[in-house]
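Spelled out from the first residue to the last, the chains are:
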Amino acid sequence: FVLGVEHILTGYDHLLFVIALVLLLGRLSPVIKAATAFTVAHSLTLVGSTLGLVGLAQAPVEALVALSIVFLAVETAKQKPGDPGLTERLPWLVAFLFGLLHGFGFAGALREIGLPESDVPTALLTFNLGVEAGQLAIVAAVIAIIALTRRLRPQTLRPATLTATYAIGITASFWFIERLVS
């Protein structure tokens, strides 16, 4: 469980993905639905990969994880009231598809630490629960900041969101390029 929480809080690519999703959607209900779809999807590929049922090479997965963050940053930067982008229209579907990809990334992280051979199902479950707990903590923190900003300085919400979005997009673009050439 603790390793799952730590992975979200120190796995900066997964952390930025969750923050970018919250910045894009901005409201609790769609964020919870999208985060749930993301969790279900990454659970499927994490379990499948760990049990050897499915697999992808880690290097392309890590590059595509970075690209998924760039995608969310672009969607947020292009946001226009009354003209929702793909992720705003179908956030659960986009989060589910990217969750499948991120599950392979989680599997790579688990391989690095190693799983106890005698209790793989329990280890997978508790790791996943830890990832979910960490993810929900991040969602709650970002939603709280958005709500506070809306209440105290509503005119600064869009500029602050764009600043954070560009920082996330630039970072993820760097990771994508770095992971492609490594």
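Throughout, residues of each chain are indexed from 1 in the direction in which the sequence is written. Where local features are concerned, this predicted model is filtered to residues with pLDDT of at least 70; where side-chain atom pairs are given and counted, the filter is 80 or more; whole-chain, interface and lining totals use all residues. For the side-chain quantities, the full set of heavy atoms in the structure was used; hydrogens and water were omitted.

**What about the packing of helix H2 (residues 12-25) against helix H7 (residues 120-152)?**
What counts, and what does not: To get an axis, a line is fitted to the C-alpha atoms, and for a helix only the part in contact is used. The angle between two axes follows their N-to-C directions and goes from 0 to 180 degrees. Labels follow the DSSP assignment, with helices taken as runs of H or I lasting at least four residues and strands as runs of E lasting at least two, numbered in each case from the N terminus. Throughout this description, any angle smaller than 35 degrees is read as roughly parallel, any larger than 145 degrees as roughly antiparallel, any in the 65 to 115 degree range as roughly perpendicular, and the remainder as oblique. Here a crossing is called left-handed whenever its near helix is offset anticlockwise from the far helix by less than a right angle, and right-handed whenever the offset is clockwise. In this description, contact between two residues means that some pair of their heavy atoms is separated by no more than 4.5 Å. Charged residues are taken to be Asp, Glu, Lys and Arg, nonpolar residues to be Ala, Val, Leu, Ile, Met, Phe, Trp, Tyr, Cys and Pro, and polar residues to be all remaining types, Gly included.
One way to put it is that H2 packs onto H7 with a least axis distance of 10 Å and a crossing angle of 40 degrees. Judged by the inter-axis angle, H2 sits oblique to H7. Both H2 and H7 take part in a crossing whose hand is right-handed. Here Leu 15, Val 18, Ile 19, Val 22 and Leu 23 of H2 come into contact with H7, specifically with Gln 135, Ile 138, Val 139, Val 142, Ile 143 and Ile 146. Tallied by class, residues from the contact of H2 with H7 come to 10 nonpolar, one polar and no charged.

**As for the layout of surface pockets**
This is how the line gets drawn: Here the term cavity refers to a set of points on a 1 Å grid, laid over the protein atoms alone, in which a 1.4 Å probe fits but cannot get out; the term pocket refers to an open set having protein on both sides within 12 Å along at least five of seven lines, with lining residues being those that place an atom within 4 Å of a point. Grid points are joined across faces, edges and corners, and a volume is the space filled by probe spheres set on the points.
Of the pockets and cavities examined, the largest pocket occupies roughly 350 Å³. Every residue lining the largest pocket is counted, 17 residues in all, and those nearest its centre are Leu 23, Leu 24, Leu 25, Gln 79 and Glu 88. Listed by contribution, the elements that provide at least two residues to the lining of the largest pocket are H2, H7 and helix H8 (157-181). Classifying every residue of the lining of the largest pocket gives eight nonpolar, four polar and five charged. Estimates place the volume of the second largest pocket at around 200 Å³. Around the second largest pocket, the lining is made up of 11 residues, and of these His 7, Gly 105, Gly 108, Ala 109 and Glu 112 lie nearest the centre. Counting residues per element, the ones that place at least two in the lining of the second largest pocket are H2, helix H4 (58-77) and helix H6 (91-113). Ranked by the residues each element gives to the lining of the second largest pocket, the list is headed by H6, at five residues. Grouping the constituent residues of the lining of the second largest pocket by class yields two nonpolar, five polar and four charged.

**Points about the pattern of salt bridges**
How we decide: By salt bridge we mean one thing: a side-chain nitrogen of Lys or Arg within 4 Å of a carboxyl oxygen of Asp or Glu. For every residue, the accessible area obtained with a 1.4 Å probe (protein chains only) is divided by the maximum for its type, and the residue is called buried under 20%, exposed over 50%, and partly exposed between those limits.
Counted according to the given criterion, the structure contains two salt bridges. Two residues, Asp 13 and Arg 179, come together in a salt bridge whose shortest N-O distance is 3.4 Å. Within this pair, whereas Asp 13 is found in helix H2, its partner Arg 179 is found in helix H8, the two being separated by 166 residues in sequence. Residue classification places Asp 13 among the buried positions, given a relative accessible area of 7%. Between Glu 62 and Arg 179 there is a salt bridge, and its shortest N-O distance comes to 3.7 Å. A residue pair is termed long-range when its members are at least 10 positions apart, and Glu 62 in helix H4 and Arg 179 in helix H8 qualify at 117 residues. In this structure, a network of salt bridges that share partners links the residues Asp 13, Glu 62 and Arg 179.

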